[in-house]
Amino acid sequence: MSAILSWLALSLATGSLAQTATAPGQPSRTDAPIGQFEIVGDSVASAQQIFLGTANRVYVVDKTENNPTKINGHPAWAAEYDVNANTARPMDVITNSFCAGGAALGNGTWINVGGNQAVTWGGLTANSQNGGAPYDDPDGGQSIRLLDPCDDKSCDWVLTTDMTTRRWYPTVETLEDGSVFIIGGDDWGGYVNDASQTNPTYEFFPPKSKNEPITSPLLERTLPANLYPLTWLLPSGLIFIQANWGTAMLDYKKNKEYQLPDMIGAVRTYPASAGTVMLPLTPANNWTATILFCGGQDFQTNQWKTNWNIAGATASTSCVSITPDVSHNYVEEDPLPEPRTMGNLILLPNGQILCLNGAGKGTAGYGNDTWAIDQSYADDPTLSPILYDPSAPSGKRWSRDGLSASTIPRMYHSSATLLPDGSVWLSGSNPNADYTTDVKYPTEYRVERFYPSYYNKRRPSPQGLLTQYSYGGPYFNVTLSKDDLSGNTENVKSAKVVIVRTGFSTHTMNFGQRMVQLESSYTINEDGSAVLHVSQMPPNPAIFPPGPAFVFVVVDGVPSVGVQVMIGSGKLGTQKTLTVAPLPASGNAPSSSDNSSSSGDGKNHQVQTNSASSSMTSNSLFVVVMLVVVGVIGLGL
């Protein structure tokens, strides 16, 4: 009996009883304008900050301003956007969330932190910092706001205990236990940081010690362009931080920081605002993190002043990368085909990266300077998107074949995110102190979707995807039909299963955005179908921190519709790591005439000869387990 109970315990502990998801179907349309932008709706609040909270909801957070839509007697500066219906409802984010930061916690709750003091018309300081006319926006500088996304319009933002200090322009990064790391910012804002108000510290939510906040030497030495420091948790468990020209690695568990060589080519942090992204983590690169930086501004420290025509300064074309767990040196990459600041880099499920939004001149920011474009510190909007392929040879990674330009300038305070159907949602742009319409770059509410080349193609409809993934543990089987493989079983050989976290998008960054390809092998069936044998997450939560994400199956470059899943336990705290079960060897299933014969090699290939039985559902497995237990008890063993 002890052996059987041990097996049962292992099954329960390793997630063998994990539920399988309903097979994803097809997008609602097959006539989308490929390679083009389409205006689809109105965001209600200008999309300064956005995130995909459910498969059908994008959440928008703005700064306090006089948006025409009202809620609870004051302008709404937050909204929930229904992706399928292309409608939005206003939300009350309570305090002033101007230039806040955000991320997903490991339990699925989203966090939004920091912001600005209470303001009145034109962004001027309000008489009361506790709310009241005209905007009723209490001071948000220390606020922590939480949201549990929903599809039934019942959810809303709530406040919890404040941060230790004020943070305007903070960065937020999810850690391997599902908590978040909050770093940087300043007290009262401005074009760039300065010594009188800088907050060169970090803290955690939930707090980890009574010693918070903790000082960062990097932020102390990188004034003034060090707001929204660029931050990633690495597979090593260290945190990579880049600000102004400086770079460091932080061992946050020991509160020890290590200085690295300086950035090259251009300043990448706000307000230079380069596009940044962690490249896909794959079995081929052993899930090693490489970070790409593209564009920005080549300004020296003494140039971050508003006494010259910043809006006329040509942005950088420089792209560089770094693989911090392997080398501390930056490497030059294929440059952008045109200068760009404020360009978002969005991971697509096929492994390519879409660059869109931004401007060819100037920087992020706004003000009432004589040289400003009305109030905008940038000009020459970059309307044309471009694709980056990390797997292409050097010199050929950028392409815009088949891509068309948008008609809407997406300047300062615009954002973008991947959607489950593989299109990209984008909105925002508001380089103005308040809601403004009669200028070159007005407050923008129009929502667009961009449709990549694969959009109208028949999508795979894989069966057997899990709804929750452990770190290590048993593999699972995913069935692809003959149609999923386009009638060619060779396509299973390059098929892949990827997990994508779309991130929290603001100020050109997508905090927490990352993609992991799961290890897999395959079995080809006689009927033209195939089975992917798929490992769960690599047994290291620092590679992909716990929390909500989307799983896609990509066949011949065409992704399935993404399924929302939970990575890890769904709770905050240390995540269990399990031994990775070995995958069966790739190959063909035995022919029907060979089904009664042993392979003779002593190995358990576990091939599937019937696509309908390719994966045992959690309910079926649970029934089997319970029958075994009942039988054991009945026998008195």
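Before reading further, recall that the structure is shown in the block above.
The model shown is predicted, which means the values in this text are computed figures rather than measured ones.

Here is what the cut-offs are and how they apply
- Every chain is numbered on its own, with residues counted from 1 as its sequence reads.
- Where totals are concerned, whole chains, interfaces and linings use all residues; where local detail is concerned, this predicted model gives features only for residues with pLDDT of at least 70, and gives and counts side-chain atom pairs only at 80 or more.
- Note that the side-chain values use all heavy atoms of the structure and ignore hydrogens as well as water.
- Numbering of helices and strands runs from the N terminus; a helix is a DSSP stretch of H or I covering at least four residues, while a strand is a stretch of E covering at least two.
- With C-alpha atoms as the basis for the radius of gyration, the globule rule is written as 2.2 Å multiplied by the number of residues raised to the power 0.38.
- Whether a residue is buried, partly exposed or exposed follows from its accessible area with a 1.4 Å probe, protein chains only, as a fraction of its type maximum: under 20%, in between, or over 50%, in that order.
- Every residue pair with non-hydrogen atoms within 4.5 Å of one another is taken to be in contact.
- Only the protein chains shown count as cover for residues, and all accessible areas are computed by the Shrake-Rupley method using a 1.4 Å probe.
- Each pair of strands is called paired provided DSSP finds at least two bridges between the two strands.
- Note on aromatic pairs: the rings of Phe, Tyr and Trp (six-membered ring only in Trp) are paired at centre separations within 6.5 Å, and the planes decide the class, stacked below 30 degrees, edge-to-face beyond 60, tilted for the rest.
- Nonpolar cores were defined as sets of buried Ala, Val, Leu, Ile, Met, Phe, Trp, Tyr and Cys residues, with membership established by side-chain atoms within 4.5 Å.

1. A few points about the overall build of the protein chain
- Scanning the protein chain for helices and strands turns up three helices and 46 strands.
- On C-alpha atoms alone, the protein chain measures out to a radius of gyration of 25 Å, which is about the 26 Å that the 2.2 N^0.38 rule sets for 637 residues.
- Each principal axis of the C-alpha atoms in the protein chain carries an extent, and together these give about 85 × 55 × 50 Å.
- In the protein chain, which comprises 637 residues, the proportion classed as buried is 61%.
- Within the protein chain, contacts between residues at least 6 apart in sequence are counted, and of these 65% link residues at least 24 apart.
- Accessible area of the protein chain: about 23,100 Å², with a carbon and sulfur share of 50%.

2. Points about the sheet that holds strand S21 (residues 291-294)
- Across the sheet, which stays open at both edges, the four strands sit in the order S20-S21-S22-S23 with antiparallel pairing between neighbours. Because the sheet does not close on itself, it has two edges, and the strands there are strand S20 (275-278) and strand S23 (331-332).
- Both S21 and strand S22 (residues 319-322) contribute to a ladder of four bridges, which runs antiparallel. If you follow Phe293 over to S22, its bridge partner there is Val320.

3. Some points on the packing of aromatic side chains
- Evaluated as defined, the whole model comprises 33 aromatic pairs.
- Residues Trp121 and Tyr135 carry aromatic rings whose centres are separated by 5.2 Å and whose planes lie at 75° to one another, so their mutual orientation is edge-to-face. A residue pair is termed long-range when its members are at least 10 positions apart, and Trp121 in the loop between strand S9 (110-113) and strand S10 (144-147) and Tyr135 in the loop between S9 and S10 qualify at 14 residues.
- Residue classification places Trp121 among the exposed residues on the basis of a relative accessible area of 51%.

4. Some words on the nonpolar core
- Core analysis: the largest hydrophobic core is formed by 91 residues, its most contacted members being Phe240, Phe293, Tyr469 and Leu532.
- The biggest single contributor to this core is strand S42 (residues 547-555), with four residues.
- Membership of the second largest hydrophobic core comes to 50 residues, among which are Ala32, Tyr388, Val447 and Tyr451.

5. Notes on the pairing of S9
- Of the two faces of S9, the one holding Trp110 and Asn112 and the one holding Ile111 and Val113 are both buried throughout.
- Two elements, strand S8 (residues 101-104) and S9, share four bridges in a ladder whose sense is antiparallel. Bridge assignment links Gly102 to a residue of S9, and that residue is Asn112.
- A loop of five residues connects S8 with S9, the two strands running antiparallel in sequence, and Gly108 in this loop sits at a positive phi of about 100°.
- Relative to S10, S9 runs antiparallel, the two sharing four bridges. Within S10, the position partnered with Asn112 by the bridge is Arg145.

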